[in-house]
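# Inside the fold
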Amino acid sequence: MAAVEIKKGLAGVVVDYTAISKVNPDTNSLLYRGYPVQELAAKCSFEEVAYLLWNGELPTKEELAEFTARERAGRALDPVVKTVIDALPTTAHPMDVCRTAASVLGARHELAEVSTPEANMKKAIDLWAAMPAVVAYDQRRRRADGEAIEPVAPRDDLGYSANFLWMTFGEDPVEEVVKAFNVSMILYAEHSFNASTFTARVVTSTLSDLHSAVTAAIGALKGPLHGGANEAVMHTFEEIGIRTEESLEDAAARAKTWMEQALAQKKKVMGFGHRVYKHGDSRVPTMKAALDKMIAHFGRPEILGLYNGLEQAMDEAKAIKPNLDYPAGPTYHLMGFDTPTFTPLFVASRITGWTAHVMEQLGSNSLIRPLSEYNGVDERHLP
Ligand SMILES: CC(=O)SCCNC(=O)CCNC(=O)[C@H](O)C(C)(C)COP(=O)(O)OP(=O)(O)OC[C@H]1O[C@@H](n2cnc3c(N)ncnc32)[C@H](O)[C@@H]1OP(=O)(O)O
Ligand SMILES: O=C([O-])CC(=O)C(=O)O
């Protein structure tokens, strides 16, 4: 019998077409609906990019006005979702809170059992609009440590990114920080058939509903080999030790030593490496520029020292490059987010990509069901 070739992790396997994004590791580029992501990050709001991912074209002025009005109308924390979140312990991981909230929002949606293109577009926009309130309220209640608190009400005069920061911190957001946050939301929005998006497509392929697909995708994103890496990066920084008065050079030297020891112990260091990009992640330069701005804004050169030290030591030892989660983690830290909140920020952004894929999958569906090669015990029979 010819040996079956097993493609572990589906590495290198092309399973379908997509018109949503193009990841090209040879040219180190990423296009959303044909546009380079760097251009979108430089010139667009996250709302425009969400519209683009869902509709295939950037919005006109009128379309954007209508779209942003829909997003602003859906921002308040659903009282039932708040009650459910309040029933969870403050020790629950924020990704579990997000996953639970997505599930509750699905069960409560007026179109829960309808999966027409129009219904799915509405569900996608509603879920995208609702998630920042969940993430923001969860961070606030964990900080309140069990004391009853009310969510910060959304503000109609602010765009998506500014309002997200407002609902989290309850303070007028600084323009520089809003811009960096907007860049991160755009860069995180979409990345072809990554593990969480593929999960969403598998769920959709059974003709299940959009919220089920997103709930499953959140579960897939949580792992540290995928989205959970942005949180893990910060744990590395914390393990090395963040010393606010330390010079860039001293921090870099300590980080370098830490990395050399970790690699000598054959540890996997989160925030480095990628299944598709082998010469560097197309999004890292743009995110690193945003991190540099936050380092300058908050006057925190020691963070750059830790960043440089780890990156340099990994490059020298294994020539493995950072992925998007590497600059994103410390950027969110400087903005004031708690480390376990980082991956939920990724969720808030990636909802756009996931749901675009749900709609694309349904547009030309085929049940996703690969084969396996049995290697268990030979057939046997009960006595
Ligand atoms: C937004 C995102 O999801 S981006 C990805 C976020 N994930 C991470 O940052 C987790 C850390 N990185 C990794 O685990 C991997 O690089 C992955 C899972 C992302 C990609 O992995 P794969 O393409 O399957 O490569 P694989 O894990 O087999 O690595 C190939 C080799 O590089 C090494 N390697 C890859 N990444 C790392 C890393 N972060 N640290 C140390 N070594 C690494 C592996 O140990 C392996 O070495 P070996 O051949 O000597 O055994
Ligand atoms: O593409 C991947 O495998 C992981 C990734 O970078 C993403 O989902 O943004």
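Predicted model, so just to flag it, every value in this text is computed and none were measured. (Residues numbered from 1 in each chain as written. Chains lettered and ligands numbered in written order. Predicted model: local features only at pLDDT ≥ 70, side-chain atom pairs only at ≥ 80, totals over all residues. Heavy atoms only, no water.)

As a further point, take the overall build of the protein. Looking only at helices and strands, the protein has 16 helices and three strands in total. Its C-alpha radius of gyration of 21 Å places the protein within 12% of the 21 Å reference for a compact globule of 383 residues. Considered along the principal axes of its C-alpha atoms, the protein spans approximately 65 × 55 × 50 Å. Relative to its full complement of 383 residues, the protein shows a buried share of 50%. (Helix = DSSP H or I, 4+ residues; strand = E, 2+ residues; numbered from the N terminus. Rg over C-alpha atoms; globule rule 2.2 N^0.38 Å. Buried < 20%, exposed > 50% of the residue type's maximum accessible area, 1.4 Å probe, protein only.)

Before going further, it helps to examine the confidence of the model for the protein. Taken over all residues, the pLDDT of the protein has a mean of 97, while the share at 70 or more is 99%. Predicted complex, confidence summary: ipTM 0.98, pTM 0.98. (pLDDT = per-residue confidence, 0-100.)

In this approach the atoms are scanned with a rolling probe the size of a water molecule, which exposes any empty space left behind. Throughout the structure, instances matching the rule amount to one cavity of 30 Å³ or more. Lining the largest cavity are Pro94, Val97, Cys98, Val134, Val135, Asp138, Thr341 and Pro344. Looking at the lining of the largest cavity, the elements with two or more residues in it are α5 (94–108) and α6 (117–144). When the residues that make up the lining of the largest cavity are grouped by side-chain class, the tally is six nonpolar, one polar and one charged. (1 Å grid on protein atoms, 1.4 Å probe; cavity = no way out; pocket = protein on both sides within 12 Å on 5 of 7 lines; lining within 4 Å. Points joined across faces, edges and corners; volume = space filled by probe spheres on them. Nonpolar A, V, L, I, M, F, W, Y, C, P; charged D, E, K, R; others polar.)

With respect to the secondary-structure elements, His381 resides in the segment after α16 (342–363). At 3.1 Å, the side chain of His381 and the side chain of Glu379 are in polar contact. (Polar contact = N/O pair within 3.5 Å; in protein donor to acceptor, adjacent residues only side chain to side chain.)

Bringing the pairing of strand β2 (residues 29–32) into the picture now. Burial of the side chains of β2 is restricted to one face: Leu30 and Tyr32 are buried, whereas none of Ser29 and Leu31 on the reverse face is. The antiparallel hairpin formed by strand β1 (residues 21–24) and β2 contains four residues in its connecting segment, where Asn28 sits at a positive phi of about 50 degrees. Here two bridges tie β2 to strand β3 (residues 35–36), and the two strands are oriented antiparallel to one another. Across the sheet, residue Leu31 finds its bridge partner in β3, namely Pro36. Turn length for the β2-β3 hairpin, with the two strands adjacent in sequence and antiparallel, is two residues, and the turn residue Arg33 shows positive phi of about 50 degrees. (Pairing = 2+ DSSP bridges.)

We now examine helix α9 (residues 195–205). The element α9 is largely enclosed, with a buried count of eight among its eleven residues. What α9 keeps buried is the set Ser196, Thr197, Phe198, Ala200, Arg201, Val203, Thr204 and Ser205. Where the residues of α9 are buried, they touch α10 (210–222) and α16. Among the residues trailing α9, Leu207 stands out with phi positive, at a value near 70 degrees. (Contact = heavy atoms within 4.5 Å.)

Turning our eyes to something else, we now look at the sheet that holds β1. Read across the open sheet, the three strands follow the order β1-β2-β3; overall the sheet is antiparallel. Lying at the two open borders of the sheet, with one neighbouring strand each, are β1 and β3. The pairing of β1 with β2 spans four bridges and is classified as antiparallel. Of the residues in β2, the one forming a bridge with Ser21 is Tyr32.

The next thing to look at is the site of ligand 1. His226, Lys268, Val269, Gly271 and Phe272 are the nearest of the 20 residues found near ligand 1. Lys268 is positioned with one of its side-chain polar atoms (N or O) 2.7 Å from an oxygen atom of ligand 1. Within the side chain of Lys278, an N or O atom sits 3.0 Å from an oxygen atom of ligand 1. Isolated, ligand 1 exposes 910 Å² of accessible area, and the fraction of that covered by the protein chains is 68%. By residue class, the composition of the shell around ligand 1 is nine nonpolar, five polar and six charged. There are two domains that each give the shell around ligand 1 at least three residues, and those are domain 1 (21–225 + 340–364) and domain 2 (229–335). (Near = heavy atom within 4 Å. Areas by Shrake-Rupley, 256 points an atom, 1.4 Å probe, with all protein chains shown as cover. Domains from an automatic or database assignment.)

On the surface, Leu10, Val13 and Val15 cluster together to form a nonpolar patch covering roughly 210 Å² of accessible area. Classification of Val15 as partly exposed rests on a relative accessible area of 41%. (Patch = residues over 30% accessible without salt bridge, like charges linked within 9 Å, V, L, I, M, F, W, Y side chains within 5 Å. Salt bridge = Lys/Arg side-chain N within 4 Å of Asp/Glu carboxyl O.)

Our focus in this paragraph is helix α13 (residues 284–298). Helix length check: α13, at 15 residues, gives a terminal C-alpha distance of 21 Å against a target of 21 Å (1.5 Å per residue), a fit within 8%. Taken as a whole, α13 has its buried residues at Val284, Thr286, Met287, Lys288, Ala290, Leu291, Met294 and Ile295. Buried residues in α13 make contact with α1 (37–43), α8 (175–188), α14 (301–318) and α15 (325–335). (Expected span 1.5 Å × (residues − 1).)

Now for the site of ligand 2. Looking at ligand 2, the residues that line it are His191, Asn194, His226, His274, Arg283 and Arg350. One nitrogen or oxygen atom from the side chain of Arg283 is found 2.7 Å from an oxygen atom belonging to ligand 2. Between Arg350 and ligand 2, the recorded distance is 2.7 Å, taken from a side-chain N or O atom to an oxygen atom. Calculation on ligand 2 without its partners gives an accessible area of 270 Å², and the protein chains cover 84% of this total.

With a phi angle near 50 degrees, Asn28 is a residue other than glycine that sits in the positive phi range. As for its position among the elements, Asn28 is in the loop between β1 and β2. Note on Asn28: relative accessible area 30%, which makes it partly exposed. Here the phi dihedral of Arg33 falls at roughly 50 degrees; this positive angle occurs in a residue that is not glycine. For Arg33, the position within the fold is in the loop between β2 and β3. For Arg33, a relative accessible area of 24% translates into the label partly exposed.

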